[in-house]
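# Coordinates in review
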Amino acid sequence: MTRSASPPPEATDIDLVSVQTMPQTQTTRARPERWLVCRPAVSEAELAEYYAIRKQTFVDEQGLFDGSDVEPVDADPRTLHIVAICEPAGEMVGVVRCCPAEDGTWFGGRLTVVAAYRASRLLVGRALVRTAEELVRERGVRVFLGHIQLPIVHFFEHLGWRKVGDPGVFAGIPHQLMLPAWSGEPTSPRSHAAGGQPRASP
Ligand SMILES: CC(C)(COP(=O)(O)OP(=O)(O)OC[C@H]1O[C@@H](n2cnc3c(N)ncnc32)[C@H](O)[C@@H]1OP(=O)(O)O)[C@@H](O)C(=O)NCCC(=O)NCCS
């Protein structure tokens, strides 16, 4: 586990922030006092914490899954389990998953920020989405999609994503298929159709 023994910092106390991704580094402010590092989990301990954060949101908080939100695609060696670490404390503050589907299409999903860090000056959600986009593009992915919960559609539009088709029911609740500006159109009717059943849930 990478959690600090000391209490977590108040996210609103953060005045100077940098965002780093691996292998590239993005610095959004000079003289960072606290900063984010977004990258794939690098150890079993980090993966365990990654899954715990996912479970906290999608099983315990939202009730989308019963008991566990882990799927077969999580065991695919190509799947990216991306974490956001708040440094220098080393605290994991958010996660997102990117996984391959049919026809070279990849899906982003399981995006969540630890509750205390949502809407904070760290902009954790934005950093995770940008890192996910960068890492899949580095892998040559041309079509990148996400099934987005309706209350979060504006967040993704704010980040330059756009809607594809009409909302459909996915994991039991309405979702909107969306893609970033650089992505090609979905190639699979199953991922495009409202209420379709793509391999990975959101
Ligand atoms: C959705 C979520 C990931 C956003 O993360 P976050 O760290 O709070 O978002 P950020 O602080 O990075 O926000 C980035 C920008 O989007 C804006 N934004 C955040 N949430 C938004 C929303 N629901 N609607 C519109 N804009 C939003 C912010 O104001 C910020 O704007 P700015 O760049 O002009 O300052 C977070 O709220 C969360 O974990 N929610 C619960 C899990 C969930 O529902 N996941 C989505 C499953 S599809």
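Located above this text is the structure these notes cover.
Residues numbered from 1 in each chain as written. Predicted model: local features only at pLDDT ≥ 70, side-chain atom pairs only at ≥ 80, totals over all residues. Heavy atoms only, no water.

## Digging into helix α1 (residues 44-61)
- Between its terminal C-alpha atoms α1 stretches 24 Å, which fits the 26 Å expected from 18 residues at 1.5 Å a residue.
- Buried residues along α1 sit in contact with β3 (35-40), β4 (80-87), β5 (91-100), β6 (106-113) and β7 (144-149).
- Directly beyond the C-terminal end of α1, a positive phi value near 65° is found at Gly63. (Helix = DSSP H or I, 4+ residues; strand = E, 2+ residues; numbered from the N terminus. Expected span 1.5 Å × (residues − 1). Contact = heavy atoms within 4.5 Å.)

## A look at helix α2 (residues 124-138)
- An ideal rise of 1.5 Å per residue puts 21 Å on 15 residues; α2 measures up with 21 Å between its terminal C-alpha atoms.
- For α2, the complete set of buried residues consists of Val124, Gly125, Ala127, Leu128, Val129, Thr131, Ala132, Glu133, Leu135 and Val136.
- Two residues or fewer after α2 comes Gly140, characterised by a positive phi angle close to 85°. (Buried < 20%, exposed > 50% of the residue type's maximum accessible area, 1.4 Å probe, protein only.)

## Notes on the packing of aromatic side chains
- A full pass over the atoms with the stated rule returns five aromatic pairs.
- Considering the side-chain rings of Phe144 and Trp182, the 6.0 Å spacing of their centres and the 15° angle between planes classify their relative orientation as stacked. Here the residue Phe144 occupies a position in strand β7, and Trp182 occupies one in the loop between β10 (173-179) and α4 (189-192), the gap between them amounting to 38 residues.
- In this structure an aromatic cluster arises from ring pairing among Phe144, Phe155, Phe156, Trp161 and Trp182. (Phe/Tyr/Trp six-rings, centres within 6.5 Å; stacked < 30°, edge-to-face > 60°.)

## A few points about the nonpolar core
- If you look at the biggest cluster of nonpolar residues, it comprises 28 residues, and the most contacted ones within it are Leu36, Ile82, Cys98, Val124, Leu128 and Phe144.
- Ile82 has contacts with Arg39, Pro40, Tyr50, Gly94, Val95, Val96, Cys98, Leu128, Thr131, Ala132 and Leu135, leaving out every residue within four places of it along the chain.
- Core analysis: the next-biggest nonpolar cluster, separate from the first, contains nine residues, Val73, Cys99, Phe107 and Leu145 among them. (Core = buried A, V, L, I, M, F, W, Y, C linked by side-chain atoms within 4.5 Å.)

## A word on the site of the ligand
- Around the ligand there are 19 residues in total, and Leu111, Val113, Ala119, Gly125 and Arg126 lie nearest to it.
- Side-chain polar atom of Arg118 to an oxygen atom of the ligand: 3.2 Å apart, as the coordinates give it.
- Between the ligand and the protein, one listed contact pairs a nitrogen atom with a backbone N or O atom of Phe155 at 3.5 Å.
- Under a 2 Å grid-point criterion requiring more than half of the atoms, the pocket assigned to the ligand is the largest pocket.
- Elements represented by at least two residues in the shell around the ligand include exactly β6, α2, β7 and α3 (153-158).
- Within the shell around the ligand, the residues separate by chemical class into nine nonpolar, eight polar and two charged. (Near = heavy atom within 4 Å. Polar contact = N/O pair within 3.5 Å; in protein donor to acceptor, adjacent residues only side chain to side chain. 1 Å grid on protein atoms, 1.4 Å probe; cavity = no way out; pocket = protein on both sides within 12 Å on 5 of 7 lines; lining within 4 Å. Sits in = over half its atoms within 2 Å of the grid points. Nonpolar A, V, L, I, M, F, W, Y, C, P; charged D, E, K, R; others polar.)

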